[in-house]
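Letter by letter, the chains look like this.
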Amino acid sequence: DTFEDIIAVVALYRPGPMDNIPSYIRRKHGEEKLDYLYPTLEPILRETFGIMIYQEQVMKAAQILAGYTLGGADLLRRAMGKKKVSEMQKHRGIFVKGAAERGVDEKVSDELFDQMVLFAEYCFNKSHSTAYGAVTYQTAYLKTYFPAFYMAALLTYESQAKKVEDWFGYLE
């Protein structure tokens, strides 16, 4: 329906987040109840129907729920993305303690941290997904409304790319 949908699908279509595509679709169409994981996350997750999709959402959740600074949230995002066990254990303690200071039950904050780890493992940042979404939309538009021109350009590009590849092969 919107460009935002394309951006979200680009971010979701990756190992891990891909499992959330059916739920995203059902929530978007009102066929599944929205779940924001914790009430204070609703403003962060509203645009994605309660599903954590973007790195920025993981970082903002850490800031709101556990009092992370923006820099600290970025370190958390990096640790999650690289699956550094020792770093993750350190951040789990910081997250749970910070969340407790904000009135979040320890069991709940522990579960939230686990869910954030799952989301963060393959998350895109939104700008990355937006750039890919723009190319996706433009390509679909050209293929739909100008198929002959699109295919001619694609074939021309491919034939030229092969020539350049062959040419560079002679330099070796």
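Residues numbered from 1 in each chain as written. Predicted model: local features only at pLDDT ≥ 70, side-chain atom pairs only at ≥ 80, totals over all residues. Heavy atoms only, no water.

Counting 37 residues, the largest nonpolar core has Ile53, Met80, Phe95 and Met116 as its most contacted members. For this core, the secondary-structure elements that each account for two or more residues are α1 (3-12), α3 (42-45), α4 (55-66), α5 (70-82), α6 (85-101) and α7 (106-120). Ranked by the residues each element gives to this core, the list is headed by α4, at six residues. (Core = buried A, V, L, I, M, F, W, Y, C linked by side-chain atoms within 4.5 Å. Buried < 20%, exposed > 50% of the residue type's maximum accessible area, 1.4 Å probe, protein only. Helix = DSSP H or I, 4+ residues; strand = E, 2+ residues; numbered from the N terminus.)

A probe as big as a water molecule, rolled over the atoms, marks out the empty space that is left. Of the pockets and cavities examined, the largest pocket occupies roughly 220 Å³. Lining of the largest pocket is provided by 14 residues; of these, Asn20, Ile51, Gln115, Leu118 and Phe119 occupy positions nearest its centre. Of the residues assigned to the lining of the largest pocket, the class counts are six nonpolar, four polar and four charged. (1 Å grid on protein atoms, 1.4 Å probe; cavity = no way out; pocket = protein on both sides within 12 Å on 5 of 7 lines; lining within 4 Å. Points joined across faces, edges and corners; volume = space filled by probe spheres on them. Nonpolar A, V, L, I, M, F, W, Y, C, P; charged D, E, K, R; others polar.)

Each pair of packed helices can be summarised by the angle the axes make with each other and by the distance between the axes. Contact geometry of α4 with α5 gives a least axis separation of 9 Å together with a crossing angle of 125 degrees. The orientation of α4 relative to α5 falls into the category oblique. The element α4 and its partner α5 pack so that their crossing is right-handed. Contact with α4, carried on its side by Gln55, Val58, Met59, Ala62 and Gln63, involves Leu70, Ala73, Asp74, Leu76, Arg77 and Met80 of α5 and no other residues of that element. Here the residues of the contact of α4 with α5 are counted per class, giving seven nonpolar, two polar and two charged. (Axes fitted to C-alpha atoms, helices over the stretch in contact; angles between N-to-C directions. Parallel < 35°, antiparallel > 145°, perpendicular 65-115°, else oblique. Left-handed = near helix turned anticlockwise from the far one by under 90°. Contact = heavy atoms within 4.5 Å.)

It is worth spelling out the pattern of salt bridges at this point. In this structure the tally under the stated criterion is 14 salt bridges. For Arg78, the salt bridge goes to Asp74, with nearest N and O atoms at 2.7 Å. On the criterion of helical spacing, the pair formed by Arg78 and Asp74 is a turn pair, its members being four residues apart in helix α5. Residue classification places Arg78 among the partly exposed residues on the basis of a relative accessible area of 41%. Across the pair Glu101 and Lys97 runs a salt bridge whose closest N-O atoms are separated by 3.1 Å. Placement of the pair is Glu101 and Lys97 together in helix α6, with a separation of four residues, close to one helical turn. Classification of Lys97 by relative accessible area gives exposed; the value is 54%. (Salt bridge = Lys/Arg side-chain N within 4 Å of Asp/Glu carboxyl O.)

Honestly, that's just the spatial picture; any functional story needs more than this.
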